[in-house]
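In case you want the letters, here they are:
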Amino acid sequence: MLREGFDSIIWLVIGLVFIGFAVAALVFAVMAREDAYRAADKQTKKFWLIILGINLALNLLLPMLFLQIAGLIAAIVFMVDVRPAIRQVSGGGGGRRGGSSSDGPYGPYNGGR
């Protein structure tokens, strides 16, 4: 009985992680510009919105492990391949706004020259 309760908690946590990752991927796909997908030579924004939207819907409505894993793979492909390419094309680089690796908080560091 204790084991069954533990198993159900584990499956609940796994399901919530899958749903959270699906939501995050869908939000990032919605926020990116349409032309960034073409400039990065990736599938269209509409394609990714459909794939990630189906992923989220299946995770919420039909929580079958096979479908969840297939959706997770699609979300992982988006997050590790498409999103970095779109960010690079769009000029987004995390906290940095261009410049070189030797830039300090107030401008370039020139070694005390």
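Residues numbered from 1 in each chain as written. Predicted model: local features only at pLDDT ≥ 70, side-chain atom pairs only at ≥ 80, totals over all residues. Heavy atoms only, no water.

### Looking at the nonpolar core
For the record, the criterion: The term nonpolar core refers to a set of buried residues drawn from Ala, Val, Leu, Ile, Met, Phe, Trp, Tyr and Cys, joined through side-chain atoms within 4.5 Å. Buried means the residue's accessible area, taken with a 1.4 Å probe over protein chains only, is under 20% of the maximum for its type, while exposed means over 50%, and partly exposed covers the values in between. By the criteria applied, helices consist of DSSP H or I runs no shorter than four residues and strands consist of E runs no shorter than two, each listed in order from the N terminus. Only heavy atoms enter the contact rule, under which two residues are in contact if any of them lie within 4.5 Å.
Counting residues in each nonpolar core, the largest one holds 15 residues, and the members touching the most others are A25, Y37, W48, L52, F78, V82 and I86. Breaking this core down by element, the ones donating at least two residues are α1 (2-31), α2 (34-39), α3 (45-61) and α4 (65-90). With 5 residues, α4 is the largest single contributor of residues to this core. Other than its neighbours up to four places away in sequence, V82 contacts Y37, K42, W48 and V77.

### Side note on α1
Structural remark: α-helix, 3.6 residues per turn; residues separated by three or four positions point the same way. The criterion, for reference: A helix is expected to span 1.5 Å multiplied by its residue count minus one.
With 30 residues, α1 ought to run about 44 Å at 1.5 Å a step, and its terminal C-alpha atoms sit 44 Å apart, in line with that. Against α2, α3 and α4 lie the buried residues of α1.

### Observations regarding a nonpolar patch on the surface
Operational definition: Only residues above 30% relative accessible area that lack a salt bridge enter a patch, with like-charged residues linked at up to 9 Å and the nonpolar side chains Val, Leu, Ile, Met, Phe, Trp and Tyr linked at up to 5 Å. Reported accessibility uses the Shrake-Rupley method at a 1.4 Å probe radius. Residues are deemed covered only where the shown protein chains occlude them. Salt bridge, as applied in this entry: a Lys or Arg side-chain nitrogen positioned within 4 Å of an Asp or Glu carboxyl oxygen.
A contiguous nonpolar surface patch, about 460 Å² in accessible area, is contributed by W11, L65, I69, I73 and V77. It is α4 that provides the largest number of residues to the nonpolar patch, a total of 4 residues. Mapping V77 onto the fold places it in helix α4. Given the relative accessible area of 34%, V77 is considered partly exposed.

### Here we look at the packing of aromatic side chains
To be explicit about the condition: Side-chain rings of Phe, Tyr and Trp (the six-membered ring for Trp) are treated as a pair once their centres are within 6.5 Å; stacked means planes under 30 degrees apart, edge-to-face means over 60, and tilted covers the remaining angles.
In total, this model carries 2 aromatic pairs according to the counting rule given. Ring geometry for F47 against W48: centres 5.4 Å apart, planes inclined by 85°, an arrangement best described as edge-to-face. Judged by relative accessible area, which is 34%, F47 ranks as partly exposed. Given the relative accessible area of 7%, W48 is considered buried.

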